[in-house]
Structure formats: C-alpha cells, structure tokens
Amino acid sequence: MATSQANVFTVVSKFYDEYVTTTPQRLKIIDAYLAYIMLTGIFQFGYCLLVGTFPFNSFLSGFISCVASFVLGVCLRVQVNPQNRKDFLHISPERAFADFVFAHIILHLVVMNFIG
Amino acid sequence: MTRGTTLLVLFALTVVGQALTPTTVLTTVDQARLKAVFENARPFTDLASAHYSILGLKLLGAQIPNTHDNCNYVKSAVDYKSPESLYYASAATKALGNCQLSNSNAQNTLQAAIKDGVDVPTLFFVVSALTNLGLPVNSNEVVNALTEALKTDDSILSGSMALHIAAQLSKETDVKVIFESIEDLVAQADEVGEKYLQFEGDLGLTSFFVVGAYRLAGQQNKAPLIMEDQAVKFANYLLSRKHVQSPKNAYDVAAGLSTLGNNKYHIPVCITRESSMTVSSAQSKVQVRVSNVMSGALGKLTVKADSAERKEDGAVVLSNSALTAVAKDNTLYELDFLKTKAGRGFYTIEFSVAADKPDSRLIGLSGAQVEVKVVTTVNVEEVELSLEDKDQSTPPRVTKVQYPQKTGSNLAGDHHQNLVMKFLLKDKADNSAMEAHQAFVRLTNKRTKQEVIFVAEADDDHVYKFELDIGASAKEHFNSLSGLYAMDLVVGDALIQNPFAWNVADLQLKFPEDSATSEEKPNLYQPREEIKHMFREPEVRPPATVSTAFTGLVLLPVLILLGLWIKLGVNIANFPLSLSAIGFHIGLGSILVLYYLFFVQLNMFDTLKYLAILGTLTFLAGNRLLGSIANKRKQLLRSRLR
C-alpha cells in the first residue's frame with residue numbers, strides 16, 4: 001500500500017511542477033480566480049448544510065452566482081488559452097474577455113434581484 | 001274464423017275498456033290563479049300579452065276590467081302593416097266587444113299578403129284577422145295557397161295552423177286533406193309514461209293543436225280521428241302544466257282545457273276527491289267531484305263505486321255501491337264509507353260514471369281511483385310492569401297500570417335487575433289486537449332532561465314486550481347516570497286518531513359506581529371556547545454570532561485571491577492611463593454600485609434604466625480599450641514575425 005500512496009503523491013507533485021512551469025501567467029491568474037470562486041461556493045454550501053436553508057432564496061442566489069461565475073471563468077480560460085487557438089480562430093482573447101464581462105453584468109443583476 | 005274475430009274484438013274491447021281517466025282537474029282555485037296571471041299582465045307591455053290576457057279572461061268567464069283602456073292600448077299598439085300584429089289586435093278587439101280597428105287599413109294589408117309563395121303562419125294570421133274583423137275571405141284562394149305552402153312545410157305548428165285556417169273558411173270549401181291530417185299529426189305526438197301526450201314538450205304547440213283539431217271537427221261536423229285515450233292523455237298533459245306564470249302559457253292551458261271541457265266529440269270526465277283523506281266515525285262520508293276538466297257540471301249522472309280495495313292485504317270491502325248526489329253542488333257525490341264496516345287501513349276506491357241521458361261525448365267513464373284512509377281509536381290494555389332479578393332468585397314483582405293513570409309509587413331498579421313491560425294495543429272499533437307503527441318507551445332523566453328512547457316489539461299475538469337490562473345498558477344508554485327517570489310510552493300511527501305519550505311510571509335507577517363518567521357532555525348548543533388566532537411564527541434564525549462568523553468565512557477567499565494574484569505578479573504597472581481604460585473601469589465599478597443600490601433601495605425598472613445608461617458608456621469605453629489592446633498585441637506579433 002505504501003507504493004500506491006507513494007504513486008499518488010509523486011503524480012500530484014509532478015502535476016504541480018509541470019503546471020507551474022508550463023502554464024502561461026495569464027492562465028494562472030484566471031486559475032487563482034477560479035479557486036477563489038470555488039472556495040466561496042464551498043463555504044456557502046457548508047453554511048447551508050450546517051445551519052439550515054433559511055432564507056432559501058438567498059442561499060440559492062449566492063451559490064448559483066458562484067457556480068455561474070466559475071463556469072464563465074472556465075469559458076474565458078478555454079477561449080484565451082493559446083493552445084486552443086485553432087478552435088477559436090474568430091474569437092480574440094479581448095473578445096472573450098468582453099463576453100466574460102458582459103455575461104457577468106447580467107449574472108450579477110439577476111443574482112442581486114434574487115438575493116432578496 | 002268468425003270465432004277468432006269475435007275473440008279479437010272482445011280482446012280489443014277489454015283493453016279499451018281499461019280506459020284512461022284524467023289524473024286531476026282544473027279546480028276553481030286553479031282557475032282563479034290563472035285569472036290572476038292574466039290580470040297581472042297589466043299594464044300591458046306588448047300587444048301579444050294584451051291579446052292573451054284579454055282572451056284568457058274571457059275564456060275563464062271573468063270580467064275584463066278597464067275595457068276602455070284596453071281598447072285604447074290595442075288600438076295604439078297595433079301595426080297595420082303586419083298580419084301578425086293585426087291577428088293579435090283583431091282577436092283582442094273581438095273579445096272586448098265594443099272596440100273597433102280601422103278595417104280599411106287592415107284589409108289592405110291582409111289581402112295584399114295572400115300572394116304566391118306565402119307561408120303558413122302568414123296565412124293563419126291573415127285568415128284569422130279577416131274573420132275576426134268580419135271582413136270577407138276568399139276561401140278557394142286560401143285553400144290553394146295553403147295546400148301549396150304545406151307542400152314544403154310539414155312542421156307540426158304549420159299543420160296545426162292549417163287546422164285553424166280550415167275551420168274559419170266557408171263550409172263548402174274542400175278541406176278533407178287538412179281534416180285527415182289530424183290523424184298524422186296525432187301520430188307525431190310523444191307519449192310519456194302512458195299518461196301524457198304532447199308535442200315536443202311544448203305547451204303552446206299541444207294546446208294550439210288540440211284547439212284547432214276540435215274546432216275543425218266541430219265546423220265539419222265530423223269526429224276528429226283522435227282516440228279517446230289520446231284525448232284523455234292530451235288533457236292530462238295540459239292539466240300537468242296548470243301551474244304556469246306567463247299570460248301566454250296561462251292562455252294555452254285555459255284554451256286547451258276549455259276545448260276539452262266543451263266540444264262535440266270528446267269530453268273527459270274527471271273524478272277527484274273533495275273530502276279529506278281521513279275517514280273516521282266523526283266524518284264517515286267520502287265526497288268526490290265528478291266534472292269535466294274545467295270543473296264544470298256534466299248534467300245528471302249515476303256515479304258508482306265499483307270496488308274498494310285495502311292496500312295492506314288486498315281485501316275488497318265493497319262493490320257496486322251507488323253514490324248519492326249532494327244537494328247543494330251539482331258536481332259532488334258522496335258515499336258513506338263506514339257503512340261497509342271496513343276496518344282501519346288505506347283504501348283505493350274505483351269509480352265508474354254513467355250519464356242518465358246517454359252522452360257519447362263523455363270519455364274516461366271508468367277506472368278513476370281515489371285513495372282514502374280509515375282511522376281508528378286505539379286503547380292500550382293489560383299493561384304490566386315488572387322488575388326481575390337477573391339470576392331469577394326471587395319472583396318478579398308485577399305492577400299493573402291502567403291507562404291513563406300512573407303507578408302509585410316509584411319503581412326502584414338496580415343494575416342486577418331487568419325491567420320488563422308488557423302491553424296490548426286494541427283497535428276500539430272491533431276490539432281486535434293491533435300493532436302500531438311507532439311504539440316507543442322513552443326514559444327521561446328528571447334532573448338533566450336527557451332522554452333515551454327504546455323500541456317496543458310485538459310478538460305474533462300482537463303482545464308488545466319491552467325489556468331493559470339495567471346493568472348492561474348503563475354505560476351505553478344512560479352514561480351511568482343514576483337517578484329518577486320518567487318512563488313514557490309513546491304510541492303513534494298514520495291510522496290512529498289518538499296517538500299519545502303516556503307517563504307510565506317513574507323509575508329510580510341505580511347504576512354501578514365505577515367509571516364515573518360524570519363529566520357532563522358539553523352541551524352542543526352553547527358557545528364553544530374561543531380559538532385564538534396564532535400569527536405565523538417567524539422562522540428560527542441562527543444566532544447572530546454564527547451568521548457573522550460565516551460572513552467572515554465567505555469573505556476570506558477574497559483575501560486569498562489577492563494574495564495569489566500578488567504572488568503571481570499581476571501587472572498593475574502596465575495600466576494604460578487612457579480615457580477608455582479609466583472610463584471602462586469606472587463604468588464597471590459604477591455598475592456594481594448600482595447593483596448595491598438595487599439591493600438596498602431601487603426597484604427593477606429604475607435599475608434597468610440606469611443600467612442601460614451605464615452599460616452603454618461602459619461598453620463604449622471597453623470596446624475602445626480592448627480594441628487598443630488587441631491592436632497592440634497584433635502589432636507585437638507582426639513585429640516578432642518579421
């Protein structure tokens with residue numbers, strides 16, 4: 001069993017090293033943002049589990065805001081990644097960012113409405 | 001062969017012999033009610049209701065009030081250009097008597113209306129109006145036009161109208177075809193329950209047909225091809241509709257019935273009970289009214305009661321007894337029923353009528369039935385009360401009571417005893433034992449007034465016995481409430497003249513002391529306790545510290561994010577200080593501020609309004625900014641490639 005544990009550990013550390021070296025800085029910024037969003041979502045969900053669902057609409061609003069922001073962030077990352085340039089020939093990174101901002105504006109309007 | 005036909009004829013006769021009779025009659029009360037309907041039609045609102053009201057009152061033999069006003073109304077309401085209006089008006093003026101329409105105007109319209117292709121209703125209005133006004137009618141022209149119109153129109157209404165038209169033409173006109181159509185029209189009538197005959201459930205249509213058929217038959221001096229049974233069924237239908245409210249319907253009822261009350265061919269004879277249904281020694285005579293459908297007299301008649309059958313066991317108590325005429329009223333006949341020595345019970349008496357002077361018009365002469373009930377007085381005898389021990393150790397004490405007295409002293413009963421009461425009901429008339437529909441023993445607690453009622457049952461010899469197991473019934477019936485109870489015997493029946501509730505004795509009952517269900521059952525009829533409304537409790541909220549802690553926890557990732565970004569080396573220094581850049585960032589920031597205001601104060605409409613403005617500005621700024629960044633990147637790329 002020690003060997004499998006060792007295997008998992010080596011895989012993870014190798015992955016981390018490769019990530020730090022090969023990923024461009026822009027993507028790392030977006031990844032940090034995604035991690036932040038995920039943490040926020042986890043904390044909200046944990047509160048709901050521990051304390052209760054009242055007020056339910058607020059919980060839903062906050063949680064869905066996190067989920068949607070995460071999704072939009074992932075979309076931005078995918079579109080901006082130079083390795084995917086072939087798939088997004090007609091969408092420049094600036095255009096992707098503009099879409100990101102626009103979607104967020106609408107998302108936050110809806111979230112503010114629903115949060116009650 | 002001949003024997004067969006004789007048998008068939010006899011068979012047919014027996015069937016016909018079970019003749020139908022009218023179910024009821026238009027009494028004087030009904031006629032008064034119809035008169036009231038006619039009188040309430042004034043002040044008149046239209047010519048048609050004026051027409052029906054005036055003709056209706058005349059038909060029922062009532063005085064028409066305010067003749068002059070009626071005449072003026074009719075004269076003002078008539079439309080000389082419409083044959084229908086002239087029909088209503090002319091009939092009304094004819095009924096009123098001294099009222100004149102402008103004949104010349106009328107004549108022009110009416111005679112112009114008989115042209116090629118005229119329809120049956122118009123012909124009816126025209127011919128009737130001309131006849132009412134006393135103007136000449138060209139019978140041949142009318143008959144031809146009518147025959148022509150009937151070829152394309154075979155509705156029952158038009159058929160009936162044809163009868164009325166034909167009845168008003170001159171005697172020489174050949175209306176055989178129309179006369180024979182009566183049979184066809186009757187065949188189209190609908191029978192209901194072997195008692196009623198009507199057309200399409202329409203009172204007006206049925207009445208109109210009946211009046212027309214007998215009118216034409218009278219004019220032609222030939223019997224209409226309507227069977228006696230059918231005539232009676234028509235009468236039954238019209239009688240069933242006698243509770244109508246509008247002038248037109250009331251007129252239809254009155255016209256139809258008065259035709260059947262007085263015509264040359266069929267006059268249904270109605271027999272209805274006039275006396276009360278109860279026959280007792282005080283009033284032993286059964287009175288019936290024998291009349292036509294309009295409660296009118298039929299001349300001297302011999303009325304016989306063919307049979308009187310008791311409902312309970314079918315015993316026939318009389319046959320072939322003649323009734324005597326009552327002196328004051330020439331439609332009333334009476335029979336002393338108790339002369340038959342019939343016992344108590346419900347009886348159906350069947351009558352038959354024969355006219356002293358034979359009148360072939362009278363129909364429904366046999367088969368009329370009337371129901372009476374013979375009541376009697378009841379005596380209660382041989383009443384015995386006893387309290388027996390359940391274990392039969394001591395002989396029971398029997399107390400005899402005589403109606404209507406009460407036992408001298410109170411009886412005392414215990415929970416190990418049975419209370420038994422025996423009694424006998426006797427019919428006073430023939431001293432025979434009888435049973436009553438209701439024989440109850442009622443025990444009332446003298447203090448709380450609560451009652452419990454038991455049923456006494458009779459055995460084969462009609463001896464009633466009531467048994468009460470005091471111990472067993474304590475819980476269920478008495479609520480274990482010991483005390484003084486009044487015991488009443490309650491006897492009643494439809495055939496008893498003197499039902500009674502007799503306090504036989506007072507009982508002191510003692511129940512076992514256990515299970516003191518002494519809580520008085522709450523009186524159902526007193527106000528209940530008030531229900532206080534509970535407002536919705538607010539939801540349970542977590543304590544403030546928990547909420548604050550979690551708020552802090554949720555805001556923590558922001559710090560983590562800033563930390564990570566700083567570690568990654570976010571390029572803040574490269575911030576282009578151009579208008580579009582600043583504008584874009586300020587625009588985004590202002591949108592976030594707007595959202596905060598939306599959360600706190602604004603409504604959606606205002607927010608959208610401001611968002612539109614800020615959004616446009618941000619979009620323009622952002623567009624410029626991102627465009628410039630894109631250009632810079634492209635230039636960099638191009639320079640690198642070179």
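Residues numbered from 1 in each chain as written. Chains lettered and ligands numbered in written order. Predicted model: local features only at pLDDT ≥ 70, side-chain atom pairs only at ≥ 80, totals over all residues. Heavy atoms only, no water.

Looking up chain B in an unreviewed UniProt entry gives the name Dolichyl-diphosphooligosaccharide--protein glycosyltransferase subunit 2, with the organism given as Branchiostoma floridae. Per UniProt, chain B has the following entry under Subcellular location (unreviewed entry): "Endoplasmic reticulum membrane". (UniProt positions renumbered as here; feature names shortened; annotations may be inferred.)

As recorded by an unreviewed UniProt entry, chain A carries the name Dolichyl-diphosphooligosaccharide--protein glycosyltransferase subunit DAD1 and is attributed to Branchiostoma floridae. What UniProt states about chain A under its Sequence similarities (unreviewed entry) heading is, verbatim, "Belongs to the DAD/OST2 family."

Helix and strand counts for chain B stand at 17 helices and 23 strands. The buried share of chain B, taken over its 642 residues, is 42%. Within chain B, contacts between residues separated by at least 24 positions form 69% of all contacts whose residues are at least 6 apart in sequence. (Helix = DSSP H or I, 4+ residues; strand = E, 2+ residues; numbered from the N terminus. Buried < 20%, exposed > 50% of the residue type's maximum accessible area, 1.4 Å probe, protein only. Contact = heavy atoms within 4.5 Å.)

Here we come to the sheet that holds strand β22 (residues 483–492) of chain B. Residue and element names in this part refer to chain B. Reading across from one edge, β16-β23-β22-β18-β19 is the order of the five strands in this open sheet, with mixed pairing throughout. What marks the edges here is a single partner per strand, and that holds for β16 (411–413) and β19 (451–455). Looking at each pair of strands side by side, their axes are set apart by 30° on average, direction ignored. Pairing of strand β18 (residues 438–445) with β22, which is carried by eight bridges, proceeds in the antiparallel orientation. Note that in β22 the partner of Asn445 across the bridge is Tyr485. (Pairing = 2+ DSSP bridges. Axes fitted to C-alpha atoms, helices over the stretch in contact; angles between N-to-C directions.)

What follows is about the interface of chain A and chain B. Of the residues lining the interface, 28 residues belong to chain A; the matching set on chain B comes to 32 residues. Here chain A and chain B share an interface that buries about 2700 Å² over both sides, 82% of which is from carbon and sulfur atoms. Looking at the side of chain A facing chain B, the largest losses of area belong to Phe54, Glu94 and Leu109 of chain A, adding up to 23% of the total buried there. Across the chain A-chain B interface, the total number found is one salt bridge. The tally of links between chain A and chain B comes to four residue pairs in polar contact (both at pLDDT 80 or more). When residues of the side of chain A that touches chain B are assigned to their parent elements, the largest contribution, 13 residues, is made by helix α2 (residues 25–51) of chain A. (Buried area = accessible area lost by both parts, 1.4 Å probe. Salt bridge = Lys/Arg side-chain N within 4 Å of Asp/Glu carboxyl O. Polar contact = N/O pair within 3.5 Å; in protein donor to acceptor, adjacent residues only side chain to side chain.)

Here the focus is the UniProt feature "transmembrane region" (unreviewed entry) in chain B. Mapped onto this numbering, the UniProt entry annotates "transmembrane region" (unreviewed entry) at residues 544–565, 577–598 and 610–630 of chain B. Strand forms 0% of residues 544–565 of chain B and helix 100%; the C-alpha atoms that close the span are 33 Å apart.

To continue, consider the state of the cysteines. All names here are of chain B. Scanning the model with the defined rule gives one disulfide over all chains in all. Cys71 shares a disulfide with Cys99; S-S distance 1.8 Å. Given an S-S torsion of about 90°, the disulfide between Cys71 and Cys99 has right-handed geometry. Taken together, the positions of Cys71 in helix α4 (residues 67–77) and Cys99 in the loop between α5 (83–96) and α6 (103–113) put the pair 28 residues apart, joining distant regions of the chain. Residue Cys71 shares its accessibility class with Cys99, and that shared class is buried. (Disulfide = S-S within 2.5 Å.)

So, on to the UniProt feature "transmembrane region" (unreviewed entry) in chain A. Residues and elements named next belong to chain A. Under the UniProt annotation, the feature "transmembrane region" (unreviewed entry) is placed at residues 33–52, 58–76 and 96–115. Secondary structure over residues 33–52 splits into 95% helix and 0% strand, and the C-alpha atoms at its two ends are 28 Å apart. With 100% helix and 0% strand, residues 96–115 has end C-alpha atoms that lie 28 Å from one another.

This part covers the pattern of salt bridges. Residues and elements named next belong to chain A. Per the counting criterion, the structure on display carries 23 salt bridges over all chains. Where Asp31 meets Arg77, a salt bridge forms, and the shortest distance between an N and an O atom there is 2.5 Å. Of this pair, Asp31 sits in helix α2 while Arg77 sits in helix α3 (residues 56–80), and the two are 46 residues apart along the sequence.

All names here are of chain B. Here Gln188 shows up in the loop between α10 (176–187) and β1 (190–192). Given a relative accessible area of 41%, Gln188 falls into the partly exposed group. Residue contacts for Gln188: discarding those within four places in its chain leaves Ile156 and Phe199.

Bringing a nonpolar patch on the surface into the picture now. Taken together, Leu555, Leu556, Val558, Leu559, Ile560, Leu562 and Leu564 of chain B make up a surface patch of nonpolar side chains, about 570 Å² in accessible area. Secondary-structure assignment places Leu562 of chain B in helix α15 (residues 544–568). (Patch = residues over 30% accessible without salt bridge, like charges linked within 9 Å, V, L, I, M, F, W, Y side chains within 5 Å. Areas by Shrake-Rupley, 256 points an atom, 1.4 Å probe, with all protein chains shown as cover.)

Secondary-structure assignment places Asn70 of chain B in helix α4. Non-local contacts of Asn70 of chain B, meaning those with residues more than four positions away in its chain, are made with Arg42, Phe44, Ile54, Ile64, Pro65 and Leu96 of chain B.

To continue, consider α3 of chain A. All names here are of chain A. Taking 1.5 Å per residue as the helical rise, α3 with its 25 residues ought to reach 36 Å, and the 36 Å between its terminal C-alpha atoms agrees with that figure. The complete set of buried residues in α3 reads Phe59, Ser61, Gly62, Ser65, Cys66, Ala68, Ser69, Gly73, Leu76, Gln79 and Val80. Close packing links the buried residues of α3 with α2 and α4 (93–115). (Expected span 1.5 Å × (residues − 1).)

Taking the relative accessible area as the measure of exposure, Asp31 of chain A reaches 17% and is therefore buried. Here Asp31 of chain A is in contact with Tyr19 and Arg77 of chain A, once residues within four sequence places are set aside.

Moving on, we get to the packing of helix α9 (residues 156–168) of chain B against α10 of chain B. All names here are of chain B. Taken N-terminus to C-terminus, the directions of α9 and α10 make an angle of 145°; their axes are 10 Å apart at the nearest point. In this structure, α9 crosses over α10, and the sense of that crossing is left-handed. Here Ile156, Gly159, Ser160, Ala162, Leu163 and Ala166 of α9 lie close against α10, whose contacting residues are Ile178, Ser181, Ile182 and Leu185. When grouped by side-chain class, the residues that make up the contact of α9 with α10 number seven nonpolar, three polar and no charged. (Left-handed = near helix turned anticlockwise from the far one by under 90°. Nonpolar A, V, L, I, M, F, W, Y, C, P; charged D, E, K, R; others polar.)

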